[in-house]
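Next come the chains, spelled out residue by residue.
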Amino acid sequence: MGSSDSFVKFDKVDKSYDGEILVVKDLNVDIPKGEFLTMLGPSGSGKTTTLMMLAGFETPTGGEIYLDGEAINKIPPYKRGIGMVFQNYALFPHMTVNENLAFPLEVRKLSKSNIEEKVKKALGMVELEAFGSRMPLQLSGGQQQRVALARALVFEPRLVLMDEPLGALDKKLREQMQYEIKHIHEQIGITVVYVTHDQNEALTMSNRIAVFNDGKIQQISSPDILYEKPENAFVAQFIGENNQLKGKVKSINGKMCVVKTEKGEEIKSLKVNVNSIGDASTVSLRPERVEINSSDSSFENSFEAKVKELIYLGDHIRTRVEVCGNDQFIVKVPNSYKGANLKEGASVKLSWKASDSRALDLR
Amino acid sequence: MNQTASEPILTTDGIPLKVSLQKSERKNKIRAFLLVAPLLVFILVTFLIPIADMLVRSIDDRQINTVFPKTFEVYKKWDQQGLPSEELYETMFFEVKNSEGYDIGKASTRMNYSKSGWKSLLKKSKRKFKKIEEGPYKEQMIAAEKRWGDIDYWKALGVMVDPTTMGYYLNAVDLKFDSNKEIIRQKENRRIYNHTWIKTFKISFLVMFFCLILGYPISYLLATLPLKYSNLLMICVLLPFWTSLLVRTVAWMVMLQQKGVLNNLLVMSHVIADENRFQLMYNQTAVVIVMTQILLPFMVLPLYSVMKTIPPTYMRAALNLGASPLHAFWKVYMPNSVPGISAGCMLVFIIAIGYYITPELVGGKDGQMVGNWIAYHLKTTLNWGLCASLGAILLAVMTVLYWAYNKIVGIENIKLG
Amino acid sequence: MFKLIRATFLGLIAMAYASSAYADITFVSWGGAYTASQQKAYIDTWSKGSGVTVENYNGGLGEIKAQVEAGNVTWDVVDVLPDQAITGCDEGLFAKVDQSEFINDLVVPPVSDCVVPQIFWAYTAFYDKAAFPGKKPKRMKDFFDVKKFPGKRGIHTWANALIEMALVADGVKASKVYDVMSTPEGIDRAFAKLDTIKDHVVFWSAGSKPLELVSSGEVVMALAYNGRIGAAILSEGKDFEYIWDGTVLEQEYLVAIKGGNEAEALEFMAHASSAESNAEQAKYIPYGPMRKSSIGIIKKGEPWFITDSGNIDIMPHMPTDPKVLKRAIIADPFWWADNGAEVHERFGAWKGN
């Protein structure tokens, strides 16, 4: 144990609240030191429960959690030395910012001067040096968020947990804070476990993302792989925009396969999450990987489609077409001369590479 | 720069902006006033006027002056040495003899407060004076009722000459006027009110304290338990509210008396010997126990409503930051529940201080509070002046406590929900 | 202006007390078995009895004064204690009545011009026979003798009757009690006697309590209203015994409230105070009639008291039995009207300190 690959380790962890339903099922994750891991998923997917078990506020029903090689199931939260940023900041309203930051240091019985120095440094890190004597409620949401971050870091924990910390901020502030958190992480190299249901947030900040659904991790990988190479239909659909074509596997050829739709179109795809001929499958395809009226012959897939709707979005035109029996098929057409000629009701040719269309399980 | 600043800003019509603003605001103000007017009238009639009436009654001594106006004029000349002159006897004689209706009866009730015996003296005199036809009156009055020759009765009149009196307030703190209007202490065996005041505050404080000790954990549980359990618990807390005060008090009597349930259990389980049963009823202990139970909901409800608003993440955050549960509670949870504690304590103390039925029933020999004396004088002696002064002192004490509280804690920290 | 304000305030107090629906007259009494006996003896037997609304109160003149001062009288006839009968009549709260019908038929003269006679009731000491298997207490001085008869005593929380009883226990003749009480030393003497039982006392304020105290063994002897003791013996079969010595008789009167329905109230009171009505009431509760002729009616009609299992002789339970009267004190309401407040305060000090 204690290898750098598993600073935090979930080992076959189960959790049930009522003895009937498992909200977390057989969870196995290894988080290396210094990693920024995001748990992403819809609400009720088990991600927050997982975080709470790590923080010590919930006890696993089965399995064991290790922190730096030590089993921590039986260690109470106040002895774990884990920092945490809560959804609504949980700043103590009866204490000033300074007192809030000093709180974890005082319980650790640091000297007064030492505390002062660390509080100052932490406030400096979040650029709030001038706000130390304010009460939390006198601060804006973004400022409160930063104080909460500083408080979680001020006692130099081994690990920081963040539970949807940006949920209460408006969009612009949220994006700004995403970068700030990312930069602080890069600066001090601390291990972060972050929970969110916002995929942009996850993609922006994380080293790795664990996509949760139904109490299980669907896929855990770096943002680009998660986006480019979703391993099942849920991940494909949950991360980014995605076109889905339904059909049955007609033939398999090594890493490739052919999926035949109900209408008879044959889509050449990567064989990702189908096993044998005859399996029902969803073919997943990113809108930006589809070309309209391309003359390039390197595209293995090419189908006739009908333009249903054009939505002008400035830099590109969101084009809804009907193809392969799916009338919700989206293509992003750059707002170039070519795109400007599209008309609703026109017939067009859609082309994409076999390596961009992924044959996944049927959802 | 200075010039422009001193000139009033005008609207486009040329009317000064301030005037225009006032005009437009006036309508809103009138509307706002009309909206609160019914409540204002209600409060005025049911609250402020009675309080004003009480304050007036506590110093009002006019009635007696309308019955003996001449006597009191003559009285002022008396040097209080030896029996008064024939002149004083004479005016008194005629004002008693010629008095009509019930004024003399009311006056005699008043006079009896300062010296016991006036009541029957006047009653009997009025009957006997009918037979006295002509003066000199002094000897004939003394012959008719020998108390007319007792200088103490005459001296007792001295404190009634003024139309206002502080006598009721003095009475309420075991002081009184002597015949020279000097303030002296009440006779030792009649000193009852100071003792009662101290007892009243002590009992109220103890009740408040025990309500807090007992109510805090319950409220915490109520605020943190899942709804289905907390509702059940809430019903248990509120159950006393749905039972008559008398029923509850009597139930406690059954529980606590010497041959009651609790003592029987203790004897049966050999914790105490049969002859050493605890005296838990008919004393201050009983009053504190029973009132604590009765007033507990008044502590729990404000506490609960405040605790409900304290996010559970505060405790989690504190634990997460390394504080032990006890430390986290003391430093984080408790300070956030202070508004509830304040509200609960104020509420319980204010209600307790004026309590009357429970002390009456279970107080026995030393559990009587100020409210019991107010009730006694209100109903039995009809000494409403004393009632009013006792009530006014209660009011003053509460106001002072409220003021002190505001200074120390700040009234904005009170929260009932 | 102030008069108006005061009238408003008092009106509110009076309204708080008043709750009666419209009726010819409202009769206000103490409730319980006592009011039940009044109902049977002279409300039900009155020709207009169905128009009488009965309400309960806890004594005192507070409510009545508030009603009269506010000019909002909702009570018409009230059952009052004698000192209240005096004060209320003096202060003009009660209407004057014609007393010629009964004035020469009373055991004691009426306390004021406003009253018609009701009953005598008494503060009487009693015990459970089982508590004293050997020698039994017989005299008031035994009640005050905790050496000879150890155990707790149940007494009421106010001073009335206790002063008289303490003096009797201290050797004052019943007929001389008020002479002694009219001197300051006399009161001191009474309190000195009370001191001797102070540590052995359980106080009660509700009339049912002394019976419970004695039944449960919480005390060995108690003072109680004699009617309550009688009811316990006659109707519940309790094995209680009276100590008639030093018993203190209190008078009880009916008065009409000024400004109420005075005409009908007086008519009702005339019926209620007839010798027959006075006697009739003793069928249901062992309180003594104030009219001499009523006692004659009862004696002739014995067994007079009605129980479920047949009638019982009532005279042995009556505080107005001539044998009892010889050793009893009839409380002097004039003395209490004069000195009540002072003695009560002193009694409060005695209790609390």
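Computed from a prediction, not measured in an experiment: that's the story for all the values here.

**Some points on the sheet that holds strand β14 (residues 280-285) of chain A**
Residues and elements named next belong to chain A. Pairing in this closed barrel of 5 strands is mixed, and the strands run β11-β12-β13-β20-β14 around the ring. When strand polarity is set aside, the average angle formed by the axes of neighbouring strands in this sheet is 55°. With 2 bridges connecting them, strand β13 (residues 266-271) and strand β20 (residues 358-360) associate as parallel partners. Within β20, the residue paired with Lys271 across the bridge is Ala359.

**Details of the sheet that holds strand β15 (residues 291-292) of chain A**
On the basis of which strands lie adjacent, the open sheet formed by 5 strands has the order β15-β19-β16-β17-β18 (chain A) and antiparallel pairing. A single partner strand is all that each edge strand has here, and the edge strands are β15 and β18 (326-334) of chain A.

**Brief notes about the confidence of the model for chain B**
Residue and element names in this part refer to chain B. When the pLDDT values of chain B are averaged, the result is 87; 96% of them are 70 or greater. Taking the mean pLDDT of every element in chain B, the minimum, 52, falls on helix α1 (residues 2-6) and the maximum, 94, on helix α11 (residues 193-224). For this predicted complex, the interface confidence score (ipTM) comes to 0.82, while the overall pTM stands at 0.78.

**With respect to the domain arrangement of chain B**
Residues and elements named next belong to chain B. On domain assignment, one finds that chain B holds domain 1 (2-57), domain 2 (63-165) and domain 3 (197-413). Taking only C-alpha atoms, the centre of domain 1 and the centre of domain 3 are 42 Å apart. In this assembly, domain 1 packs against domain 3 so that about 420 Å² is buried in total across both faces, 83% of it on carbon and sulfur atoms. In terms of surface lost to domain 3, no three residues of domain 1 exceed Met54, Leu55 and Arg57, which account for 88% of the buried area on that side. Our count for the contact surface shared by domain 1 and domain 3 stands at 0 salt bridges. Joining domain 1 to domain 3, the criterion identifies 0 residue pairs in polar contact (both at pLDDT 80 or more). Of the residues contributing to the side of domain 1 that touches domain 3, the split by class is 3 nonpolar, no polar and 1 charged.

**Brief notes about the interface of chain A and chain B**
Residue-level contacts link 21 residues of chain A with 17 residues of chain B. Carbon and sulfur atoms supply 69% of the area buried between chain A and chain B, which totals about 1700 Å² over both sides. Its largest share of buried area at the contact with chain B, chain A owes to A:Phe57, A:Tyr78 and A:Phe103, together 32% of the area lost on that side. Applying the counting criterion to the chain A and chain B interface returns 1 salt bridge. Between B:Arg316 and A:Glu58 there is a salt bridge whose closest N-O contact spans 3.8 Å. On the surface where chain A and chain B come into contact, there are 5 residue pairs in polar contact (both at pLDDT 80 or more). Counting residues per element, the ones that place at least two in the side of chain A that touches chain B are β6 (82-85) and α2 (97-107) of chain A. The residue inventory of the side of chain A that touches chain B, partitioned by class, reads 16 nonpolar, 2 polar and 3 charged.

**Here's the deal with helix α6 (residues 162-169) of chain C**
All names here are of chain C. Within α6, 8 of the 8 residues are buried, leaving the element largely enclosed by the surrounding structure. Buried residues of α6: Leu162, Ile163, Glu164, Met165, Ala166, Leu167, Val168 and Ala169, and no others. Once α6 finishes, Gly171 follows within two positions and takes phi at roughly 105°, a positive value.

**Here's the deal with the environment of B:Ser389**
Residues and elements named next belong to chain B. Following the sequence through the fold, Ser389 ends up in helix α20 (residues 384-408). Judged by its relative accessible area of 0%, Ser389 falls in the buried class. Distance from Ser389 to Met166, taken between C-alpha atoms, is 9.1 Å for residues 223 residues apart in sequence. Ignoring sequence-local partners within four residues, the contact set of Ser389 consists of Ser58, Tyr168, Tyr169 and Ala172.

**A short note on the state of the cysteines**
Inspection of the entire model under this criterion finds 1 disulfide over all chains. Two residues share a disulfide in this structure: C:Cys89 and C:Cys114, whose sulfurs sit 1.9 Å from each other. Between C:Cys89 and C:Cys114, the S-S torsion sits near 70°, and that sign places the bridge as right-handed. Taken together, the residues C:Cys89 in helix α4 (residues 82-90) and C:Cys114 in the loop between α4 and β4 (115-128) connect sequence positions 25 residues apart. Accessibility assignment for this pair places C:Cys89 and C:Cys114 in one class, buried. Of all cysteine sulfurs, the one in A:Cys324 lies closest to A:Cys257, which takes part in no disulfide; the gap is 14 Å.

Calculation criteria
Going along each chain's sequence as written, the residues are numbered from 1 onward. Chain labels run from A onward and ligand labels from 1 onward, assigned in the order the entries are written. Two thresholds apply to this predicted model, a pLDDT of at least 70 for residue-level local features and 80 or more for giving and counting side-chain atom pairs, whereas whole-chain, interface and lining totals are computed over all residues. Note that the side-chain values use all heavy atoms of the structure and ignore hydrogens as well as water. DSSP calls a pair of strands paired once it identifies at least 2 bridges connecting them. Every helix listed is a DSSP run of H or I at least four residues long, and every strand listed is a run of E at least two residues long, numbered separately from the N terminus. Here an axis means a line fitted to C-alpha atoms, over the contact stretch when the element is a helix, while the angle between two N-to-C directions is reported on a 0 to 180 degree scale. For every residue, the predictor reports its confidence as pLDDT, a number between 0 and 100. The domain limits used here are those given by an automatic or database domain assignment. Note on definitions: buried area is the accessible-area loss of two parts on being combined, 1.4 Å probe, summed for both. Salt bridges, as used here, are contacts in which a Lys or Arg side-chain nitrogen is within 4 Å of a carboxyl oxygen on Asp or Glu. Under this definition, polar contacts are N or O atom pairs within 3.5 Å; protein pairs additionally need one hydrogen-donor-capable and one acceptor-capable atom, and for neighbouring residues in sequence, both atoms have to be side-chain atoms. Note on residue classes: Ala, Val, Leu, Ile, Met, Phe, Trp, Tyr, Cys and Pro are nonpolar, Asp, Glu, Lys and Arg are charged, and everything else, Gly too, is polar. When checking whether two residues touch, look at their non-hydrogen atoms; a contact exists if any pair is within 4.5 Å. Working definition: with a 1.4 Å probe on protein chains only, accessible area under 20% of the residue-type maximum means buried, over 50% means exposed, and in between means partly exposed. To count as a disulfide, a pair of cysteine sulfur atoms needs to be within 2.5 Å.

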